[in-house]
Amino acid sequence: MSDVAVVGGGIIGLSIAWRLVERGRDVTVFDDGDEGAWHVAAGMLAPGGESAFEDPKLVRLMERSADLWPGFAAELGVDVGYDDTGTLSLAMTADDVAEAARVWTRQQLPLLRPTELRELEPALSPRVRAGVHSPRERQVDPRRVVAALREKLHDRIVPKRIESLSDVDATTVVVAAGCGTARLTGLPVRPVKGQVLRLRGEPGLLRHVLDATVDGRSVYVVPRRDGEIVVGATQEERTDRLVTAGGVYDLLRAAIELVPGLAELELAETTVGHRPGTPDNAPMIGFFGDGHIVAAGHHRNGILLAPVTAELVADLVVEGRECPDFDPRRF
Ligand code: GLY
């Protein structure tokens, strides 16, 4: 019997396991082999852009985790694509500007004119009307992060699908199974479908993450140093795994309106992931019904919130310190 069993081998489960091992715990991770939301995620670390009008408690959690990311990435000891060039938040039409300005005002960032934006990113369309540069909104490559965490924990990861928590023999059980958490715990976690594309070309077309409203549609464009460009994402209250013609069309149309040069790139991957959403779209971190711990329901912010979630769960397991703001028993 191990000391702690973590059910779920995605970025949340692995981060928790890593921090617990560092704090002297004997940990086993059960990984069902399914590629979770992390595999599809672009890896935007966006405490401002993603938190628009959320609960202040959640905004504070996002900001705290954003502050943890540089150290978390450095401690992994390999290149995980952590990049602090920052994000350009952009708007295309007058209506798009009006919509985006609500977030920009809250972020208190200076408004940049189209010429200033194109000095930062020459590939932007001349149609871009306004934007801001958010240096705190950064990126990481979630696939590299998960590979690095797996490397750190490799002899502790058991490839096994857990059907029932009664099959898990450990003093402490932590369920960090993303959308699979609902099946295991009965807690209200719903899948929120996102279609995401990966384009590939020569590096250098873009440097910043772009987060834009284009003719009323949200799109983000995340350039990696190796020439991969992630374009996301639809947000659909659906459980299926279909890549749809309409989803791809909407994403490509908005992305190419924003950066016409994207039309020349290879469409290398079309993927579907499911964000684990809760009724208030905030995570659940803490004890639930039968005395087990849950860390799930991070919705659009699983990558951003991995370091802080790992710290909070380690505090709970090692010191018994609870996190009342995100108590699962609120549901
Ligand atoms: N955080 C971006 C998304 O969920 O699409």
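Residues numbered from 1 in each chain as written. Predicted model: local features only at pLDDT ≥ 70, side-chain atom pairs only at ≥ 80, totals over all residues. Heavy atoms only, no water.

The test is simple: UniProt positions are given in the numbering used here, feature names are shortened, and annotations may be inferred rather than shown by experiment.
The protein chain has the name glycine oxidase in an unreviewed UniProt entry, where Paractinoplanes atraurantiacus is given as its organism. Quoted verbatim from the Pathway (unreviewed entry) field of the UniProt record, the comment on the protein chain reads "Cofactor biosynthesis; thiamine diphosphate biosynthesis." Here is the UniProt Catalytic activity (unreviewed entry) comment for the protein chain, exactly as written: "glycine + O2 + H2O = glyoxylate + H2O2 + NH4(+)".

### Examining the packing of helix H1 (residues 11-22) against helix H3 (residues 56-76)
We apply this condition: Note on definitions: angles span 0 to 180 degrees between N-to-C directions of axes, and those axes are lines fitted to C-alpha atoms, for helices only across the stretch in contact. The numbering of helices and of strands both runs from the N terminus, where a helix is a DSSP run of H or I of at least 4 residues and a strand a run of E of at least 2. Put simply, angles under 35 degrees are roughly parallel, angles over 145 are roughly antiparallel, angles from 65 to 115 are roughly perpendicular, and the rest are oblique. Contacts are assigned to residue pairs that have any heavy atoms within 4.5 Å of one another. Ten residue types, Ala, Val, Leu, Ile, Met, Phe, Trp, Tyr, Cys and Pro, are classed as nonpolar, four, Asp, Glu, Lys and Arg, as charged, and the remainder, Gly among them, as polar.
Remark: H1 packs on H3, axes separated minimally by 13 Å, with the N-to-C direction vectors making an angle of 75 degrees. As judged from the angle between their axes, H1 and H3 are roughly perpendicular. Only Phe72, Glu75 and Leu76 of H3 make contact with H1, whose side of the interface consists of Ser15, Trp18, Arg19 and Glu22. Looking at the contact of H1 with H3, its residues break down into three nonpolar, one polar and three charged.

### Observations regarding the sheet that holds strand E12 (residues 228-232)
Short version of the rule: Two strands make a pair as long as DSSP finds a minimum of two bridges between them.
Strand order in the open sheet formed by seven strands is E5-E4-E10-E11-E12-E9-E13, with mixed pairing between adjacent strands. Both outer strands of the open sheet, strand E5 (130-134) and strand E13 (266-277), are each paired with one neighbouring strand and no more. Adjacent strand axes in the sheet meet at a mean angle of 20 degrees when their direction is disregarded. Of the strand pairs in this sheet, strand E4 (residues 87-91) and strand E10 (residues 209-214) are connected by five bridges, and their pairing is parallel. Along E10, the bridge assignment pairs Thr87 with Val209.

### What about the nonpolar core?
Convention followed: Side-chain atoms within 4.5 Å are what join buried Ala, Val, Leu, Ile, Met, Phe, Trp, Tyr and Cys residues into a set we call a nonpolar core. The cut-offs for exposure are 20% and 50% of the maximum accessible area for each residue type, with area from a 1.4 Å probe on protein chains only; residues under the lower value are buried, those over the upper are exposed, and the others partly exposed.
Counting 48 residues, the largest nonpolar core has Val6, Ile11, Ile16 and Trp69 as its most contacted members. For this core, the element with the most residues is helix H9 (residues 302-319), which contributes eleven residues. Other than its neighbours up to four places away in sequence, Ile16 contacts Val6, Val174, Ala176, Ala295, Thr309, Ala310 and Val313. With 25 residues, the next largest nonpolar core counts Leu88, Leu197, Val221 and Val248 among its residues.

### Quick word on the pairing of E12
Two faces make up the sheet, and in a regular strand the side chains alternate between them. Extensive coverage of E12 is indicated by the burial of five of its five residues. Bridging between strand E11 (residues 217-223) and E12 involves four bridges; their strand directions are antiparallel. If you follow Val222 over to E12, its bridge partner there is Val230. Between E11 and E12, which follow one another and run antiparallel, lie four residues, and Gly227 among them has a positive phi close to 100 degrees.

### What to know about the packing of aromatic side chains
Our working rule: A pair of Phe, Tyr and Trp rings is counted when the ring centres sit within 6.5 Å of each other, with Trp represented by its six-membered ring. The angle between the planes then sorts it: under 30 degrees is stacked, over 60 is edge-to-face, the rest tilted. We call a charge positioned above a ring when the Lys NZ or Arg CZ atom is no farther than 6 Å from the ring centre and deviates by at most 35 degrees from the ring normal.
All chains considered together, the criterion is met by two aromatic pairs. Plain terms: the ring middles of Trp18 and Phe72 are 5.1 Å apart, the flat faces sit at 75 degrees to each other, and that makes the pair edge-to-face. In this pair, Trp18 is assigned in helix H1 and Phe72 in helix H3, connecting sequence segments 54 residues apart. Taken individually, Trp18 and Phe72 each receive the classification buried, so the pair is uniform in this respect. By relative accessible area, which is 1% here, Phe72 ends up buried. One aromatic cluster in this structure is built from Trp18, Trp69 and Phe72. Over the face of the ring belonging to Trp18 we find Arg19, whose NZ or CZ atom lies 4.4 Å from the ring centre.

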